[in-house]
Amino acid sequence: MLLYDSPVSGNCYKVRLLLAHLGLPYERHTVDVVDRSDRRALLGALNPALRVPTLVLDDGRPLAESNAILWFFGEGSRFVPDDRYGRAQVLQWMFFEQYEHEPSIAVVRFWVAYSGRPEAFADRLEERRAAGYRALDVLEGHLEGRPYLVGESLTLADLSLYAYTHVAHEGGFELDRYEAIGHWLERVAAEPGHVAIDA
C-alpha cells in the first residue's frame, strides 16, 4: 500500500495510527501541505479533491478521506463495536470530528503553526478558535466519567478525534482547562501499538 501523506496533518496521522495498531505495512509519499502546485499531477487520477491522505491499495484502487480510510481498515477489527448501535455511535463521533472539530481546531493549528503567514488569517482567527473551544467543550462533557468515546475500549472514534485534539495547543488552544480530555489523551497514548504523530 502507498499512503500519500503529510507528517504534520492530523488527518494523515489518524490513518498512520490505525495502521500501526493493526500492524499493516505501507509506504509513505510525503506531500507538502502548504505548496499545492503539484497536487493535480500527483493526485488528480486518485482523488478528485486533491487532498491527503490518499491511499492506494495493493490492487491499485485509491481511497480518500481519512475517516473513510479508517472505516475500511477498522471494520471487523477491535476498533469497531460488534453491535449496530455501537457502530452508529462510532460514526456519530467521526462525523462530529469532520464537521465540528477538524474545521476549527485543525484549521487554526494550520494557520498559526504551519501556513507561514498567520497574519493573513488574523481577522478570522478568534471566530474559528471560539468554534474550536465549543467542540472541545462537547468532547469534555461527553468524556466526563467515561474512559473512551464509545464503550469501554478504544475505537475508531477515539483515533479520529485524538489526532487533532492532542496537538490543539499548537493552534493556541489551552487544553489544561479540560481534565477529562487530558485523561483521555493519556489513555489513548498509553494503548499498545500507539505511535506519535512524528514517528
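All of the points below concern the structure found in this document. All figures in this text were calculated on a predicted structure; none of them were measured in a lab.

The rules behind the values
- Residues numbered from 1 in each chain as written.
- Predicted model: local features only at pLDDT ≥ 70, side-chain atom pairs only at ≥ 80, totals over all residues.
- Heavy atoms only, no water.
- Phe/Tyr/Trp six-rings, centres within 6.5 Å; stacked < 30°, edge-to-face > 60°.
- Helix = DSSP H or I, 4+ residues; strand = E, 2+ residues; numbered from the N terminus.
- Buried < 20%, exposed > 50% of the residue type's maximum accessible area, 1.4 Å probe, protein only.
- Lys NZ or Arg CZ within 6 Å of the ring centre and 35° of its normal.
- Salt bridge = Lys/Arg side-chain N within 4 Å of Asp/Glu carboxyl O.
- Core = buried A, V, L, I, M, F, W, Y, C linked by side-chain atoms within 4.5 Å.
- Contact = heavy atoms within 4.5 Å.
- Axes fitted to C-alpha atoms, helices over the stretch in contact; angles between N-to-C directions.
- Parallel < 35°, antiparallel > 145°, perpendicular 65-115°, else oblique.
- Nonpolar A, V, L, I, M, F, W, Y, C, P; charged D, E, K, R; others polar.
- Pairing = 2+ DSSP bridges.
- Right-handed = clockwise from strand over helix to strand, strands pointing away.

What follows deals with the packing of aromatic side chains. Evaluation of the coordinates by the stated rule reveals 6 aromatic pairs. The interplanar angle of 70° and the centroid separation of 6.4 Å between the aromatic rings of Tyr162 and Trp184 together place this pair among those described as edge-to-face. Of this pair, Tyr162 sits in helix α6 (residues 156–165) while Trp184 sits in helix α7 (residues 179–190), placing them 22 residues apart in sequence. Here the two residues Tyr162 and Trp184 agree in accessibility, since each one is buried. Every member of this aromatic cluster is reached through a ring pair, and the members are Tyr13, Tyr162 and Trp184. Of note, Arg129 hangs over the ring of Phe173, and the distance from its end group to the ring centre comes to 6.0 Å. When the ring centre of Tyr133 is taken as origin, the NZ or CZ atom of Arg177, which lies over that ring, is 4.2 Å away.

Now for the pattern of salt bridges. Under the defined criterion, the tally for this structure stands at 8 salt bridges. Across the salt bridge formed by Asp5 and Arg28, the nearest N and O atoms sit 2.9 Å from each other. With a gap of 23 residues between them, Asp5 in strand β1 (residues 2–5) and Arg28 in strand β2 (residues 27–30) connect regions that are remote in the sequence. Take Arg28: its relative accessible area is 38%, and that puts it in the partly exposed class. The residue Arg177 makes a salt bridge to Glu174 at a minimum N-O spacing of 3.4 Å. By relative accessible area, Glu174 is classed as partly exposed at 49%. The network of salt bridges with shared partners includes Asp5, Arg16 and Arg28.

Attention now goes to the nonpolar core. Here is a general trend for soluble globular proteins: nonpolar side chains tend to be buried in one another's company. By size, the foremost hydrophobic cluster in this structure holds 52 residues, and its most contacted members are Leu149, Leu156 and Trp184. Taken together, the elements giving at least two residues each to this core come down to α1 (10–22), α3 (66–74), α4 (84–114), α5 (122–143), α6 and α7. At 8 residues, the largest contribution of residues to this core is made by α4. Once residues lying within four places of it in the same chain are set aside, the contact partners of Leu156 are Leu18, Leu70, Trp71, Gly74, Phe79, Val80, Val90 and Met94.

This next bit is on the environment of Glu174. Within the secondary structure, Glu174 sits in the loop between α6 and α7. For Glu174 and Tyr133, which are 41 residues apart along the polypeptide, the C-alpha to C-alpha distance reads 8.9 Å.

Taken N-terminus to C-terminus, the directions of α1 and α3 make an angle of 10°; their axes are 9 Å apart at the nearest point. By the angle between their directions, the pair α1 and α3 is classed as roughly parallel. Here Asn11, Lys14, Val15, Leu18, Leu19 and Leu22 of α1 come into contact with α3, specifically with Ser66, Asn67, Ile69, Leu70, Phe73 and Gly74. Across the contact of α1 with α3, the residue classes tally to 7 nonpolar, 4 polar and 1 charged.

Here β1 pairs with β2 via 4 bridges, running parallel. Paired with Asp5 across the strands is Thr30, a residue of β2. Each parallel crossover has a hand, and the one from β1 via α1 to β2 is right-handed. Of the strand pairs in this sheet, β1 and strand β3 (residues 54–56) are connected by 3 bridges, and their pairing is antiparallel. Bridge pairing in β3 links Leu3 to Leu55.

Let's shift gears to the sheet that holds β2. Pairing is mixed in the open sheet, where 4 strands are placed in the order β2-β1-β3-β4. Only two strands of the sheet have a single partner each, and these edge strands are β2 and β4 (62–64). In this sheet, adjacent strand axes meet at a mean angle of 20° when their direction is disregarded. The pairing of β3 with β4 spans 3 bridges and is classified as antiparallel. Among the inter-strand pairings, Thr54 is bridged to a residue of β4, identified as Ala64. This element, α1, spans β1 and β2 of the sheet and lies at about 150° to β1.

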